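Topology and contacts: notes
Chain by chain, the residues run as shown.
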Amino acid sequence: MKRYVDFWDITMDSLDYTLEFYNRTLTQKQKKYILRGWYKLEPFPEVKSALDLLKKNNQNLYILSNGTPRMLSLVLFSSGLRTYFKSIVSVESVKTFKPNPKVYALLEESVCVPRDKLLFVSGNSWDAAAGKSFGFKVASIQRDTSPGNRLGYIPDFNFTNLLELAKFIQNL
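Description of the structure in this document.

Counted by the stated rule, this structure contains 14 aromatic pairs. Relative to Phe-21, the ring of Tyr-17 lies with its centre 6.1 Å away and its plane at 25 degrees, an arrangement referred to as stacked. In this pair, Tyr-17 and Phe-21 are both assigned in helix α1 (residues 7–21), 4 residues apart and thus about one turn of the helix distant. An aromatic cluster is present here, built from Tyr-104, Phe-120, Phe-134 and Phe-136 joined pairwise through their rings. A cation over an aromatic ring shows up here: Arg-115 above the ring of Phe-134, its NZ or CZ 3.7 Å from the ring centre.

Summed over all chains, the structure comprises 5 salt bridges. Across the pair Lys-98 and Asp-127 runs a salt bridge, and its minimum N-O distance is 3.0 Å. With Lys-98 in the loop between β2 (87–90) and α5 (101–111) and Asp-127 in helix α6 (residues 125–134), this residue pair connects regions lying 29 residues apart in the sequence. Residue Lys-98 is classed as buried on the basis of its relative accessible area of 13%. Between Asp-156 and Lys-132 there is a salt bridge, with the nearest N and O atoms lying 2.8 Å from each other. With Asp-156 in the loop between β4 (137–141) and β5 (157–159) and Lys-132 in helix α6, the pair connects residues that are 24 residues apart, well separated along the chain. Since its relative accessible area comes to 35%, Asp-156 is described here as partly exposed. Lys-132 gets classed as partly exposed once you look at its relative accessible area, which sits at 25%.

Packing of helix α3 (residues 47–56) against helix α7 (residues 162–170) brings their axes to within 8 Å, and their N-to-C directions diverge by 15 degrees. If you check the angle between α3 and α7, you find them roughly parallel. Seen along the crossing, α3 lies across α7 with a hand that is left-handed. Contacts from Val-47, Ser-49, Ala-50, Leu-51, Leu-53 and Leu-54 in α3 reach Leu-162, Leu-163, Ala-166, Lys-167, Ile-169 and Gln-170 in α7. Class assignment of the residues belonging to the contact of α3 with α7 gives a composition of 9 nonpolar, 2 polar and 1 charged.

When you line up the elements, Gly-131 lands in helix α6. C-alpha of Gly-131 to C-alpha of Val-91: the two residues are 40 residues apart in sequence and 14 Å apart in space. Among residues more than four places away in sequence, those in contact with Gly-131 are Tyr-104, Phe-120, Phe-136 and Val-138.

Any two packed helices are characterised by the angle at which their axes cross and by the distance between the axes. Taken N-terminus to C-terminus, the directions of α1 and helix α2 (residues 28–36) make an angle of 125 degrees; their axes are 11 Å apart at the nearest point. Taken together, the axes of α1 and α2 lie oblique to each other. The interaxial crossing formed by α1 with α2 has right-handed handedness. Along its contact with α1, which presents Trp-8, Thr-11, Met-12, Leu-15, Asp-16 and Leu-19, the element α2 presents Lys-31, Ile-34 and Leu-35.

Thresholds, definitions, all that
Residues numbered from 1 in each chain as written. Predicted model: local features only at pLDDT ≥ 70, side-chain atom pairs only at ≥ 80, totals over all residues. Heavy atoms only, no water. Phe/Tyr/Trp six-rings, centres within 6.5 Å; stacked < 30°, edge-to-face > 60°. Helix = DSSP H or I, 4+ residues; strand = E, 2+ residues; numbered from the N terminus. Lys NZ or Arg CZ within 6 Å of the ring centre and 35° of its normal. Salt bridge = Lys/Arg side-chain N within 4 Å of Asp/Glu carboxyl O. Buried < 20%, exposed > 50% of the residue type's maximum accessible area, 1.4 Å probe, protein only. Axes fitted to C-alpha atoms, helices over the stretch in contact; angles between N-to-C directions. Parallel < 35°, antiparallel > 145°, perpendicular 65-115°, else oblique. Left-handed = near helix turned anticlockwise from the far one by under 90°. Contact = heavy atoms within 4.5 Å. Nonpolar A, V, L, I, M, F, W, Y, C, P; charged D, E, K, R; others polar.

So, to be careful, I would describe these as geometric facts and stop short of saying anything about function.
Written as structure tokens, this is what we have:
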């Protein structure tokens, strides 16, 4: 499928689909209220400590996301995490989504760092597999005990949370 619809539109469509599936209706005001929750996402408890440790160790941090620039800006501002990141890269400029290799190439091009010098971190096994397929070194954050991906690309590192990763990097 080569049609691109931005992630915010997909998010709104997903809410409409869910309401239709469960035979429920909401007013536009109620939908807007629910969707605004996306901008108030709370980070996992260890995230700020992990980011502090990574910054203390002079790590350059980047975000690569399927989200729109506006979505990312608002959620990072509301969570207080924006200042940790040197760059935020959205798929919007290439008009496709992860796991398309164009997206991972966009990160490499945007931050001017070769793929073999980047550590790609993801909590989604499919994303970690795609990053590994692209040629990144990959750290997977798996917070539960579900089976890992079966896509044939194994992460270089596995952690149960971001603080474990930050401590590992500190000790290198």
